[in-house]
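What follows is each chain in one-letter form.
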Amino acid sequence: MAETFLFVLLFWFASGVFLTLMDRVDEHNLIIGKLQTPFAYIFGILTAIIFGFSIDFFNFLYPLIVGMCIEWIIKNKLEYPSHVFFLFLSSLYFGYRYDLLLQYAWYIALYLGINFLISVYLKSKIDKNSRFYKYFYTAYLSKLFTNMSLGIALREPLLIVFSLTFTYSCLLTKKYLPGRNP
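This is a predicted model, so every value here is computed, not measured.

Enquirer: Explanation requested: the side chain of threonine 146 in the structure shown.
Expert: Within the secondary structure, threonine 146 sits in helix α7 (residues 141-154). For threonine 146, a relative accessible area of 1% translates into the label buried. Not counting residues within four places of it along the chain, the set of residues in contact with threonine 146 comprises Tyr111, Ile114, Asn115 and Ile118.

Here is the structure:
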């Protein structure tokens, strides 16, 4: 069990890196030229595969991953073909594991509700120049808070560990590979 946990934790770290790289390549032009689109697709495919394997090992990751995908749709973050393809591949897996949708539907709704409160309502009420805003939103603490809240609701301490790992890998990738804004 310990080997499986470490394996999935490493996979989860990699999924955060690949997901952020997909975004960095497509949206922030980390790679420019002929290789931009293929690399964005490769990172999206790798992320979808890792998400599927991770859910197979730890079902409690399902509401977090489904919630993130629904969040992307609601916030209209599907501007690039690689993002759409990643969501398509993930959706195929979600359909395959329909049993988990029935089991975790309430938690997916909870995740989306917390996310809405933090990323829309609270964000509109906070001074954009404040230190709190800077740390809470640019350091991904808002995402970490949402993920950890889900872990507490599910009574899954491992989800908190996975959330820390995933958030940290996304933040590191964004920090050290910022890309070029168009």
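The discussion continues.
Enquirer: Please explain the packing of helix α3 (residues 62-74) against helix α4 (residues 81-96) as it appears in this structure.
Expert: Relative orientation and spacing of two packed helices are given, respectively, by the angle between their axes and the distance between those axes. Remark: α3 packs on α4, axes separated minimally by 11 Å, with the N-to-C direction vectors making an angle of 140°. Taken together, the axes of α3 and α4 are oblique relative to one another. In this structure, α3 meets α4 at a crossing whose hand is left-handed. Of the residues in α4, those in contact with Tyr62, Ile65, Val66, Cys69, Trp72 and Ile73 of α3 are His83, Phe86, Leu87, Ser90 and Phe94. Class assignment for the residues of the contact of α3 with α4 results in 9 nonpolar, 2 polar and no charged.

Thresholds applied
- Along each chain, residue indices are assigned from 1 in the same order as the chain's sequence is written.
- Local features in a predicted model are, by the rule used here, given only for residues with pLDDT of at least 70; side-chain atom pairs are given and counted only at 80 or more, and totals for whole chains, interfaces and linings are based on all residues.
- Remark: hydrogens and water are excluded; side-chain values derive from all non-hydrogen atoms of the structure.
- The helix and strand labels rest on DSSP assignments: H or I over at least four residues marks a helix, E over at least two residues marks a strand, and numbering proceeds from the N terminus.
- For every residue, the accessible area (1.4 Å probe, protein chains only) is compared with the maximum for its type, and the residue is labelled buried under 20%, exposed over 50%, or partly exposed between those bounds.
- Any two residues having at least one pair of non-hydrogen atoms within 4.5 Å are treated as being in contact.
- Every angle, taken between N-to-C directions, lies between 0 and 180 degrees, and every axis is a line fitted to C-alpha atoms, over only the stretch in contact when it is a helix.
- For classification, angles of less than 35 degrees are called roughly parallel, those exceeding 145 degrees roughly antiparallel, those between 65 and 115 degrees roughly perpendicular, and all remaining angles oblique.
- Handedness of a crossing is defined here by the sense of rotation of the near helix relative to the far one, left-handed for an anticlockwise turn of less than a right angle and right-handed for a clockwise turn.
- Residues are grouped as follows: Ala, Val, Leu, Ile, Met, Phe, Trp, Tyr, Cys and Pro are nonpolar; Asp, Glu, Lys and Arg are charged; every other residue, Gly included, is polar.

By themselves, these observations are geometric and do not establish any function.
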